[in-house]
Amino acid sequence: MAFHVYVTSNEVPEEALDIVRQVAEVKVNDSDGTPSREVLLREVVDVDGLFCNINEKIDAQLMDAGKKLKVVASMSVGFDHIDQAAATARSIMTTNTPGVLTEAVADETLALMLDVSRRIAEADKYVRAGKWKIKWTPMLMVGRDVYGKTLGIYGLGRIGVAVANRARGFNMKVIYYDVFRNQELEKKHGIEFKSKEEVLRESDFFSVHVPLLPETRNSIGAKELAMMKRTAFLINTARGGVVDEKALIEALQAGTIAGAGLDVFEKEPIEIDNPLLKMDNVVLAPHLASGSIESRTAMAVLAAKNLVAALQGELPTNLLNKDSYRGKPNPASKS
Ligand code: DGY
């Protein structure tokens, strides 16, 4: 085989690996979880392609170690783990997997909204702990309605739109803030654009859907949380770094907001002494918003297709750093 590819997880579905095997010799990380930095630096040395995910930090040092590296294909929509400038400077193509996980992430966003507002996780613990003693009492574990409330979307990309569409089924008013206003989407989906402050102040549910960028890091901090209603919930299925976690913990402790549904955290896995673990008004998930079999399989297959296209000199569908693409090599050229 002309090419060599290293796959960082031994859980990538065979269906995806088979696509890569058509053009390359594939080595899969033989240990569970993510390879150590040392192993990754070693494995990248002789490969043309790297099939990775959000666990691996793909930086200049790693790219320099991978002298033959032509493509880094990540099985994720987020790409804050890849230094795009470093990749472009080295003509290494980077790809992600947008689109195929949109609905799964939107489903989980709604699940977190319902769970935290109706106290489902808390109620489950209550029942299992044998605390349910009286058949029915008027105010036992009462939560708050989702139906008819106002949903604020922070970042109106594919996932934000998919969440808005689901919210319509709950008769919710949907407002949004994004650095790019999109009037076409507003009309099509019945969504209203507002300033970030207005969205924070008016939402009963404030849901984060922006990518993690230098401009969005900690863009929801103490000041923003203080603008929210005391009865409102914050939902984050995007990236932990967008919300200042220390400020969020303080806001939850002080009752500045009512609760939170969180799939992502500043540090993952979450540390055992994180105060969020002790809060009943918080629902936690281990970064699995895209975690349906259908979605994860589609992500792996798309990453594989992107990787193969790049190796063959074709333009990968989901190329992130357009300037890295040099076009198909000219077979007549000797260099
Ligand atoms: C992504 O795709 O970026 C998710 O965070 C992992 O599924």
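If you're wondering where the values come from, they're calculated on a predicted model, not measured in any experiment.

## Structural notes on helix α12 (residues 293-311)
Part 1: Under the 1.5 Å per step criterion, the end-to-end length of α12 is 27 Å for 19 residues, consistent within 8% with the ideal 27 Å.
Part 2: Within α12, 14 of the 19 residues are buried, which leaves it mostly tucked inside the rest of the structure.
Part 3: Positive phi appears at Gly313, one or two residues downstream of α12, with a value of about 80°.

## Details of the domain arrangement of the protein chain
Bring the parts together and some accessible area is lost; that lost area is often taken as the interface size.
Part 1: According to the domain assignment, the protein chain contains domain 1 (3-100 + 293-324) and domain 2 (102-284).
Part 2: For domain 1 versus domain 2, the distance between C-alpha centres works out to 32 Å.
Part 3: If you look at the interface, domain 1 gives seven residues, while domain 2 gives five residues.
Part 4: A per-residue breakdown of the area domain 1 buries against domain 2 is headed by Ile54, Asp80 and Gly99, which together make up 59% of the total.

## Topic: the sheet that holds strand β3 (residues 49-52)
Part 1: Spatial strand order, β2-β1-β3-β4-β5: five strands in an open sheet with parallel pairing. At either end of the open sheet lies a strand with only one pairing partner, and these are β2 (24-28) and β5 (93-95). For this sheet, the mean inter-axis angle between neighbouring strands, taken without regard to orientation, is 15°.
Part 2: Pairing of strand β1 (residues 3-7) with β2 involves five bridges; the strand directions are parallel. When the bridges of β2 are listed, Val7 appears paired with Val28.
Part 3: Where helix α1 (residues 14-21) meets the sheet, its contacts fall on β1 and β2, and the angle it forms with β2 comes to roughly 140°.

## With respect to the site of the ligand
Part 1: Surveying the vicinity of the ligand reveals the residues Ser76, Val77, Gly78, Leu101, Arg239, His287, Ser290 and Met299.
Part 2: The backbone of Val77 places a nitrogen or oxygen atom 2.7 Å from an oxygen atom of the ligand.
Part 3: Protein contact buries 88% of the 230 Å² of open area that the ligand shows by itself.
Part 4: Of the residues contributing to the shell around the ligand, the split by class is three nonpolar, four polar and one charged.

## What to know about the sheet that holds strand β12 (residues 282-284)
Part 1: Spatially, the seven strands line up as an open sheet ordered β8-β7-β6-β9-β10-β11-β12, and their pairing is parallel. The outermost strands of the open sheet, each flanked by one partner alone, are β8 (192-193) and β12.
Part 2: Sheet topology note: the strand β10 (residues 233-236)/strand β11 (residues 259-262) ladder contains four bridges and is parallel. Directly across from Phe233, in β11, lies its bridge partner Gly259.
Part 3: Contacting β6 (150-154), β9 (205-208), β10, β11 and β12, helix α5 (residues 102-118) crosses the sheet at an angle of about 150° to β10.
Part 4: Against the sheet, helix α7 (residues 158-168) engages β6 and β7 (173-177), with an angle of about 175° to β6.

## Description of the packing of aromatic side chains
Part 1: Evaluated as defined, the whole model comprises five aromatic pairs.
Part 2: Three or more aromatic residues joined by ring pairs make a cluster, and in this case those are Tyr154, Tyr176, Tyr177, Phe193 and Phe206.

## Focus: the nonpolar core
Part 1: If you look at the biggest cluster of nonpolar residues, it comprises 53 residues, and the most contacted ones within it are Phe51 and Leu151.
Part 2: Take this core: its biggest share by element is nine residues, from α12.
Part 3: In this structure Phe51 touches Val5, Tyr6, Val7, Thr8, Val12, Ala73, Met75, Ala300, Ala303, Ala304 and Leu307, once residues within four positions along its chain are discounted.

Rules and cut-offs
Residues numbered from 1 in each chain as written. Predicted model: local features only at pLDDT ≥ 70, side-chain atom pairs only at ≥ 80, totals over all residues. Heavy atoms only, no water. Helix = DSSP H or I, 4+ residues; strand = E, 2+ residues; numbered from the N terminus. Expected span 1.5 Å × (residues − 1). Buried < 20%, exposed > 50% of the residue type's maximum accessible area, 1.4 Å probe, protein only. Domains from an automatic or database assignment. Contact = heavy atoms within 4.5 Å. Buried area = accessible area lost by both parts, 1.4 Å probe. Pairing = 2+ DSSP bridges. Axes fitted to C-alpha atoms, helices over the stretch in contact; angles between N-to-C directions. Near = heavy atom within 4 Å. Polar contact = N/O pair within 3.5 Å; in protein donor to acceptor, adjacent residues only side chain to side chain. Areas by Shrake-Rupley, 256 points an atom, 1.4 Å probe, with all protein chains shown as cover. Nonpolar A, V, L, I, M, F, W, Y, C, P; charged D, E, K, R; others polar. Phe/Tyr/Trp six-rings, centres within 6.5 Å; stacked < 30°, edge-to-face > 60°. Core = buried A, V, L, I, M, F, W, Y, C linked by side-chain atoms within 4.5 Å.

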